[in-house]
There are 2 protein chains.
Amino acid sequence: MLSSTNPRTGESRPTGIAACTPDEADRVIRAADAAFEDASAEDRLWRAGLLDALADALDANRDELAAIADRETGLGLPRLTGEVGRSSFQFRLFADAVREGSHLEATIDRAATTPLGPQPEIRRMLVPIGTVAVFGSSNFPFAFSVAGGDTASALAAGNAVVLKAHSSHLETSRASHAVLRDAAAAYGAPDGLIGIVYGTEAGRVLVSHPLVQAVGFTGSLGGGRALMDLIDERPRPIPFYGELSSLNPLIITPAAAVARGEAIADGLYGSFTLGSGQFCTKPGVAFVPVGEAGDALVARIAAKAADAASAVLLNERIAASFDEIRDRVTAGGTVDVLAQGVVEPGAGFTAAPTVLATTAAELTAEATEEVFGPLIVIVRYREDAEIVRALDAVPDSLTATVHSEASDAGAVAALVRELAPRVGRLVFDGYPTGVRVSWGQHHGGPWPSTNSQHTSVGVSAIRRFLRPLAWQDAPEALLPAELRDGYEGIPRRVDGVLQLG
Amino acid sequence: MLSSTNPRTGESRPTGIAACTPDEADRVIRAADAAFEDASAEDRLWRAGLLDALADALDANRDELAAIADRETGLGLPRLTGEVGRSSFQFRLFADAVREGSHLEATIDRAATTPLGPQPEIRRMLVPIGTVAVFGSSNFPFAFSVAGGDTASALAAGNAVVLKAHSSHLETSRASHAVLRDAAAAYGAPDGLIGIVYGTEAGRVLVSHPLVQAVGFTGSLGGGRALMDLIDERPRPIPFYGELSSLNPLIITPAAAVARGEAIADGLYGSFTLGSGQFCTKPGVAFVPVGEAGDALVARIAAKAADAASAVLLNERIAASFDEIRDRVTAGGTVDVLAQGVVEPGAGFTAAPTVLATTAAELTAEATEEVFGPLIVIVRYREDAEIVRALDAVPDSLTATVHSEASDAGAVAALVRELAPRVGRLVFDGYPTGVRVSWGQHHGGPWPSTNSQHTSVGVSAIRRFLRPLAWQDAPEALLPAELRDGYEGIPRRVDGVLQLG
């Protein structure tokens, strides 16, 4: 039997959940695939209604779900209640997108004679892929877990989903799954459309299973690499959408340090300690100019950290890694501990907010190893050229942030040219944490995002779980409704011309 | 020095081309990357003009290019002249798409207060990725080679390109590259934007090079797997867009065999022998009903093959593989040689059009190994259930084709449900060869297409070489023009609503 641990106390209790055997996992996958086939008979609006029903169910069970998650994650009720709301918001946004229909990329090229001769009719749209495996992440027990964006976008695309519950919040996963499963059943969805498995071995079965068509994963680089290796061993590889850590550099120009030093210090402190620093968008390294204004800014951050109490981390492994990697980063002699919060001894898994300091001239790749938790590396620089050189020691990231003033415009443009190839989102005068869920959001980027072309937050996340299919000279009865002549209500491209429908 | 072989005679002649050393390849890649940076200052319409200029130059040199290719490929002047036209058509179609601007997926979410609280402004569009490596294929010396669709789509996206010349048509590659390079220079493009390397080692350097951001490859499964292994060894993996063979099943219903048996026999014979059967869309296996009409159809195909002269193949390796795989397929005892064309002894590389026959009940995976060249496996079936079972022995493909009559509608719908998950394009009452170049074309599919979500023919091929980038609360001056307020002339999504611009 698997157990659940309260990170505030370190105490474990039995969950009554057993790790799935490979046979059990296989049955869950086969049931999902059968449900996918059955649900394929339903139309787009049915699918949108399903997403809305799941959103309503999450809202109706919000307080109960948050309470279970609080016991397992220590993230606190306000954050967790809000996160359930974020999950239901995501389901509703995808429902809107499914109704709108652009995601189908419906395209009709009528038969024509071109400079290359007579050409057949081609109609194309994106279609679902089948059963998608979704691995829940530890740090978002709702919005990137069982009820998260991968689940919502895979279902929005028309697929079935099999979830791998994260070992760090098994009871939250079970309860979230029950809410989704029951709501889907009440809506009339076929049994098995949203399945769940527990345990590491079941996770391996998922990524190797011939009926699984894609994998969504948010977690460690090591865990992601291990799953990618399993996928490489498949006779037929499948897409792996992994988000495997991020350092998120943040740059403060001298003018910004002078004009808004205190506000930036407060904002930056809030951002790297938010959720105990357990966000993939946490700013892990900040470039601060040398000089008086930079000194004051750094001092203010350091003072805040020194006064702070230890923060609860999600689990024992994350707490152990925090200490281990912090020690490794500071072992080289070029990175100093500038400030550290109050270490409170106790049974739980905690870390004290920590500010490390180094210089751009001395920045090494070793100093930019990601520490998951409330830690930031402050890098002091003398001139922009030092930042540009130092960026080579910073891994590519989900985001980069620049704080500047209007007077910096030219220098900022040059910095942005350096930053843009390295990230998926550029943030100006703000903070990378708190990722907006919207049509245009992009939460991805170059490696270690494993698929640099896709996002895991925002409407275009659906694209990961769709594939194009073309019909050449098809009888109308065999076409999907959205590709038939006269269908209205979604944007379509006809003979190269986009029409709003 | 590398040599060029005339497949009609087997005679080699020196080309004066040396295989690139790793250092030389590195210099070509660095020059491309520098040119990419320089060209990034230009706008979208400049890029469209470049594509048009390249198209014009191909047309102006059409006859000269076709003559060189004829000597190296044996494909014949009519086909090769047409193929140059196909290449220039592709460049112009991508120029149109770049002007239209949908490929940017420009999206603006204004700052707003949502149920999740106050949200920042997010603007997103697709941006080029940098330098793209393109491996030319043997069977399309223009349309899938130096002047091919991968080159055109990577340039359309705003990237630089480094080509790996195919060893089977080195002089065609050199001449094609010279035409493109000179036209780009005359247009004012920076030197090195379209680079070329020669030799196997240079190809390895390409896929391993840190400045190369994606690889387009059309070729053998073995060659593709070897490149994918190299990419897996990179510290930062990159997308690999490979098209690595396809069997393209074709099904003829009993009613179609009765109604149009002769026409289908003629069409199918033409399709599997077109270009000496050297197309990734060649129908390699055809399901024909048992009975009189099916017998007559098969007899007609067999008679055509038996009367046919040997066809010239592209090179010695393809000719040797043709014999070797044909022998392997027929060695099991369940596949018979029904007809074989006249084998003409001679110095060139040739294969006789060949018709093999088996039954759906006996069809094995061994019998469906792809034979590149003019060979088809006829599979006789008694009922649709036999086809459905036999399809499990057929690898997933770029296309599947059904020939039917209106009276078959129900049975065809059931067959299409079986075929759709296995392919990227469904063809009705036609043939899979002759891929239309258009907005809606999809030339891809499940593995062995390595990226099941993308196409290598048609406008959406651009998507492979772009990536999303989001700007959060960016000063207007730092935004690309297409994302600024008031920009007109391209479709954009503003606050979730698609606008034609």
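Residues numbered from 1 in each chain as written. Chains lettered and ligands numbered in written order. Predicted model: local features only at pLDDT ≥ 70, side-chain atom pairs only at ≥ 80, totals over all residues. Heavy atoms only, no water.

## A word on the pattern of salt bridges
Residues and elements named next belong to chain A. Formally: What counts as a salt bridge is simple: a side-chain nitrogen of Lys or Arg found within 4 Å of a carboxyl oxygen of Asp or Glu. Strands here mean DSSP runs of E at least two residues long; helices mean DSSP runs of H or I at least four residues long; both are numbered from the N terminus. Burial status follows relative accessibility: with a 1.4 Å probe on protein chains alone, a residue under 20% of its type maximum counts as buried, one over 50% as exposed, and anything between as partly exposed.
A complete count under the given rule lists 68 salt bridges over all chains for this structure. Of the charged contacts in the structure, one is a salt bridge between Asp63 and Arg62, with a shortest N-O distance of 3.7 Å. The closest approach of N and O atoms between Arg79 and Glu83, which form a salt bridge, is 2.8 Å. Of the two residues, Arg79 and Glu83 both sit in helix H4 (residues 77–100), four residues apart, roughly one turn of that helix. Under the relative-accessibility criterion, Glu83 is labelled buried at 3%.

## A few points about helix H4 (residues 77–100) of chain B
Quick note on the threshold: Multiplying 1.5 Å by the residue count of a helix minus one yields the expected span of that helix.
Relative to the 34 Å expected for 24 residues at 1.5 Å per residue, H4(B) spans 35 Å between its end C-alpha atoms, a close match to the ideal helical length. Just beyond H4(B), the residue with positive phi is Gly101(B), at close to 90°.

## Re a negative patch on the surface
Basically, it comes down to this: Residues form patches when they are more than 30% accessible in relative terms and have no salt bridge. Like charges link within 9 Å. Nonpolar side chains (Val, Leu, Ile, Met, Phe, Trp, Tyr) link within 5 Å. Here the accessible surface of atoms and residues is derived via Shrake-Rupley with a 1.4 Å probe, and residues count as covered only by protein chains that are part of the display. Residues scored as positive are Lys and Arg, those scored as negative are Asp and Glu, and His as well as the terminal groups of each chain are ignored. To locate a charge, take NZ of a lysine, CZ of an arginine, CG of an aspartate or CD of a glutamate.
Side chains of Asp229(A), Asp232(A), Glu233(A), Asp229(B), Asp232(B) and Glu233(B) sit close together on the surface and give a patch of like negative charge. Listing elements by their share of the negative patch, those giving two or more residues are helix H8 (221–232) of chain A together with helix H8 (221–233) of chain B. A per-element tally of the negative patch places H8(B) first, with three residues. Within the fold, Asp232(A) resides in helix H8. Judged by relative accessible area, Asp232(A) falls into the partly exposed class, the value being 36%.

## Points about the sheet that holds strand S17 (residues 354–359) of chain A
Put simply, the test is: Any two strands with at least two DSSP-identified bridges between them are counted as paired. Where helices are involved, their axes are fitted lines through C-alpha atoms of the stretch in contact, as for all axes, and angles between N-to-C directions lie from 0 to 180°. We call two residues contacting when some pair of their heavy atoms lies within 4.5 Å.
Spatial strand order, S15(A)-S17(A)-S18(A)-S13(A)-S12(A)-S19(A)-S20(A)-S21(B)-S6(B)-S3(B)-S22(B)-S23(B): 12 strands in an open sheet with mixed pairing. The open sheet terminates on both sides in strands that have one partner only, identified here as strand S15 (336–340) of chain A together with strand S23 (497–499) of chain B. Direction aside, neighbouring strands of the sheet carry axes that sit 20° apart on average. Relative to strand S13 (residues 285–289) of chain A, strand S12 (residues 249–252) of chain A is paired through three bridges, and the arrangement is parallel. What sits directly across from Pro249(A), in S13(A), is Val285(A). Along the sheet, helix H11 (residues 316–331) of chain A contacts S15, S17 and strand S18 (375–381) of chain A; its crossing angle with S17(A), the most-contacted strand, is approximately 20°.

## Examining the interface of chain A and chain B
Applied cut-off: Accessible-area loss on putting two parts together, using a 1.4 Å probe and summing over both, is the definition of buried area adopted here. Polar contacts, as used here, are pairs of N or O atoms within 3.5 Å; protein pairs need one atom able to donate a hydrogen and one able to accept it. Residues neighboring in sequence count only if both atoms are side-chain atoms.
Opposite the 70 residues of chain A that make contact, chain B presents 70 residues. When the buried surface of chain A facing chain B is broken down by residue, Arg436(A), Gln453(A) and Gln472(A) rank first, second and third, together holding 14% of it. There are two salt bridges connecting chain A and chain B. Arg493(B) serves as the salt-bridge partner of Glu100(A), at 3.1 Å between the closest nitrogen and oxygen. Seen at the junction of chain A and chain B, the total is 46 residue pairs in polar contact (both at pLDDT 80 or more). Here the side of chain A that touches chain B gets seven residues from one element, more than from any other, and that element is strand S21 (residues 466–472) of chain A. Pairing between S21(A) and strand S20 (residues 425–428) of chain B: three bridges, direction parallel. Among the inter-strand pairings, Ala470(A) is bridged to a residue of S20(B), identified as Arg425(B).

## A word on the sheet that holds strand S7 (residues 131–135) of chain B
All names here are of chain B. Pairing within the open sheet is parallel, and its five strands lie in the order S9-S8-S7-S10-S11. Edge strands, defined here as strands with exactly one partner in the open sheet, are strand S9 (194–197) and strand S11 (240–243). Across the sheet, the mean angle separating the axes of adjacent strands is 15° when strand polarity is ignored. Sheet analysis places strand S10 (residues 212–218) next to S11, joined by four bridges and oriented parallel. Within S11, the residue paired with Thr218 across the bridge is Glu243.

## Section: the pairing of S12(A)
Residue and element names in this part refer to chain A. Cut-off, in case you're wondering: Throughout, right-handed denotes a crossover for which the path from the first strand over the helix to the second runs clockwise when the strands point away from the viewer.
Both faces of S12 are covered, namely the face carrying Pro249 and Ile251 and the face carrying Leu250 and Ile252. For the crossover that starts at S12, traverses helix H9 (residues 254–273) and ends in the parallel S13, the hand is right-handed. For S12 and strand S19 (residues 399–403), the ladder comprises three bridges, and the chain directions are parallel. Bridging across to S19, Ile251 finds its partner in Val402.

## Structural notes on the environment of Ser40(A)
Along the chain, Ser40(A) turns up in the loop between helix H1 (22–39) and helix H2 (44–60). Separated by 68 residues in sequence, Ser40(A) and Ile108(A) have C-alpha atoms that sit 22 Å apart.

## Some details on the relation of the copies chain A and chain B
Definition in use: Our superposition of the copies is a least-squares fit, built on the C-alpha atoms of residues whose pLDDT is at least 70 in both.
Laying chain A over chain B is done by rotating through 180° and shifting 0.0 Å along the axis; what remains is an RMSD of 0.0 Å. In short, the pair behaves as if placed about a two-fold rotation axis. Within chain A, Leu500(A) has its C-alpha nearest the rotation axis, a separation of 3.8 Å. The residues that chain A uses at the interface reappear at the interface of chain B in 100% of cases, marking a shared surface.

## Quick notes on the UniProt feature "domain: Aldehyde dehydrogenase" (unreviewed entry) in chain A
Test applied: UniProt positions are given in the numbering used here, feature names are shortened, and annotations may be inferred rather than shown by experiment.
This chain's UniProt record puts "domain: Aldehyde dehydrogenase" (unreviewed entry) on residues 4–408 of chain A. Structurally, residues 4–408 of chain A is divided into 44% helix and 21% strand, and its ends, taken at the C-alpha atoms, are 51 Å apart.

## Re empty space enclosed by the protein
Rolled over the atoms, a probe sized like a water molecule indicates the empty space that remains. What counts is decided by this rule: Here a cavity denotes a set of grid points, spaced 1 Å apart and computed over the protein atoms alone, in which a 1.4 Å probe fits but from which it cannot get out, and a pocket denotes an open set meeting protein on both sides within 12 Å along at least five of seven lines; residues with an atom within 4 Å of a point are reported as lining. Grid points are joined across faces, edges and corners, and a volume is the space filled by probe spheres set on the points.
Under the defined criterion, the tally for this structure stands at nine cavities of 30 Å³ or more. Counted as a void, the largest cavity has a volume near 940 Å³. Taken together, 42 residues form the lining of the largest cavity, with Ser102(A), Glu105(A), Arg493(A), Ser102(B) and Glu105(B) sitting closest to its centre. Elements supplying a minimum of two residues to the lining of the largest cavity: H4 and strand S22 (492–494) of chain A together with H4, strand S6 (122–128) and strand S22 (492–494) of chain B.

## Observations concerning the environment of Val377(B)
Residues and elements named next belong to chain B. Looking at the secondary structure, you find Val377 in strand S18 (residues 375–381). Val377 gets classed as buried once you look at its relative accessible area, which sits at 5%. For the pair Val377 and Phe287, spaced 90 residues apart in sequence, the C-alpha to C-alpha distance is 8.6 Å.

## Notes on the side chain of Gln90(A)
Along the polypeptide, Gln90(A) turns up in helix H4. On the accessibility criterion, Gln90(A) (2% relative accessible area) is buried.

## Comments concerning the pairing of strand S11 (residues 240–243) of chain A
Looking along a regular strand, one sees the side chains alternate between the two faces of the sheet. Here S11(A) shows a buried face lined by Phe240(A) and Gly242(A) and a second buried face lined by Tyr241(A) and Glu243(A). Handedness of the β-α-β unit built from strand S10 (residues 212–218) of chain A, H8(A) and S11(A) comes out right-handed.

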